[in-house]
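Structural description and commentary
Here is what each chain is made of, one letter per residue.
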Amino acid sequence: MKNSSPSRLVEHSNYLRRYPLKQWMKAAGLSLVILSSSFYAQAAEAAQKVGYVATGQAMAQLAQRYNVSEKLRNEFKDRIDELRGIEGRMKTKVDKIKRDGELMSSSEKTKLQREMQSLESDYKLKAQALQEDQRRRGAEEEQKLVQKIRLAIQDVAKREGYDLVVDANAVLYANPKDDLSSKVIAAVK
């Protein structure tokens, strides 16, 4: 063993008492740098090829291609026509009150007002039911398109050798050659 002088041991222990946290912090900081750089290296190695898709644009184009709005309009055409008929009857009764109101007896006015209230409540109920059904069906059709886009993205990504595909809205910068939007739109069946 090496013979250490007592004064040298005292100096060393005094140093450790004064600076133990500083040395520990340096060691911990160095460890974090090494650890984080290895994580970044692994992450860069894991995601070698990243592409992106403008899903909003794809949804809009595919909705237009499949005539989703026209399809829904035709599906609810009869109910919309029924509401328009109720509106027409309500307008006719309002016009009658305006035109003949002073000539009508109070019982006739009351009867006409009750008919208008009945039409109005019927209209509100049917309009609300129609809106709910349209919203539900619209969501169903949108979900079908989302599923078709998802499958097309997976197909294109596998075929083109992409490891990761993200939405274009999440990308701050990307090389235009990694934009898979047109390929995905073309791949939707």
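As a starting point, this report considers the structure included with it. (Residues numbered from 1 in each chain as written. Predicted model: local features only at pLDDT ≥ 70, side-chain atom pairs only at ≥ 80, totals over all residues. Heavy atoms only, no water.)

With that settled, the discussion passes to the overall build of the protein chain. Tallying secondary structure elements over the protein chain gives seven helices and two strands in all. Listed by position from the N terminus, the elements making up the protein chain come as α-α-β-α-α-α-α-β-α. Accessible surface for the protein chain amounts to roughly 14,500 Å². Of this, 55% is attributable to carbon and sulfur atoms. (Helix = DSSP H or I, 4+ residues; strand = E, 2+ residues; numbered from the N terminus. Areas by Shrake-Rupley, 256 points an atom, 1.4 Å probe, with all protein chains shown as cover.)

This part is about unusual backbone geometry. Of note, asparagine 67 is a non-glycine position whose phi angle comes to about 50°, a positive value. On the basis of relative accessible area, asparagine 67 is assigned to the partly exposed category, the value being 45%. (Buried < 20%, exposed > 50% of the residue type's maximum accessible area, 1.4 Å probe, protein only.)

Scanning the entire structure with this criterion turns up zero aromatic pairs. Taking NZ or CZ as reference, lysine 49 lies 4.5 Å from the ring centre of tyrosine 162, over its face. Sitting over the ring of tyrosine 66, lysine 148 keeps its end group 4.2 Å from the ring centre. (Phe/Tyr/Trp six-rings, centres within 6.5 Å; stacked < 30°, edge-to-face > 60°. Lys NZ or Arg CZ within 6 Å of the ring centre and 35° of its normal.)

Let us look at the pattern of salt bridges. The full count for this structure, using the stated rule, is 19 salt bridges. Across the pair lysine 144 and glutamate 141 runs a salt bridge whose closest N-O atoms are separated by 3.3 Å. On the criterion of helical spacing, the pair formed by lysine 144 and glutamate 141 is a turn pair, its members being three residues apart in helix H6 (residues 106-160). Residue lysine 144 is classed as partly exposed on the basis of its relative accessible area of 45%. A relative accessible area of 6% means that glutamate 141 is categorised as buried. Here the residues in one salt-bridge network are Lys71, Glu75, Arg136, Arg137, Glu140, Glu141 and Lys144, joined through shared partners. (Salt bridge = Lys/Arg side-chain N within 4 Å of Asp/Glu carboxyl O.)

On to the nonpolar core. Ranked by internal contacts, the top residues of the largest apolar core, which has 22 residues, are Leu62, Ile149, Leu180 and Val184. Looking at this core, the elements that each hand over two or more residues are helix H3 (55-65), helix H4 (68-75), H6 and helix H7 (181-187). No other element matches the eight residues that H6 contributes to this core. Those residues in contact with leucine 180 that lie beyond four places of it in its chain are Gly51, Tyr52, Val53, Val156, Tyr162 and Val165. (Core = buried A, V, L, I, M, F, W, Y, C linked by side-chain atoms within 4.5 Å. Contact = heavy atoms within 4.5 Å.)

Counting through the fold element by element, glutamine 117 comes out in helix H6. Residue glutamine 117 is classed as exposed on the basis of its relative accessible area, which comes to 54%. Sequence separation between glutamine 117 and methionine 90 is 27 residues, and the spatial gap between their C-alpha atoms is 9.0 Å.

Direction vectors running N to C along H4 and H6 enclose 150°, while the axes themselves pass 11 Å from each other. One way to sum up the angle between H4 and H6 is to call them roughly antiparallel. Considering how the two elements wind past one another, H4 and H6 form a crossing that is right-handed. From H4, Val68, Lys71, Leu72 and Glu75 reach across to H6, where they touch Arg137, Gly138, Glu141 and Leu145. Of the residues assigned to the contact of H4 with H6, the class counts are three nonpolar, one polar and four charged. (Axes fitted to C-alpha atoms, helices over the stretch in contact; angles between N-to-C directions. Parallel < 35°, antiparallel > 145°, perpendicular 65-115°, else oblique. Left-handed = near helix turned anticlockwise from the far one by under 90°. Nonpolar A, V, L, I, M, F, W, Y, C, P; charged D, E, K, R; others polar.)

It is worth spelling out the side chain of serine 181 at this point. Relative to the assigned elements, serine 181 resides in helix H7. Under the relative-accessibility criterion, serine 181 is labelled buried at 4%. Within the structure, serine 181 has its side chain in polar contact with the backbone nitrogen of alanine 54 (distance 2.8 Å). Of note is the side chain of serine 181, whose polar atom sits 2.7 Å from the side chain of aspartate 179. (Polar contact = N/O pair within 3.5 Å; in protein donor to acceptor, adjacent residues only side chain to side chain.)

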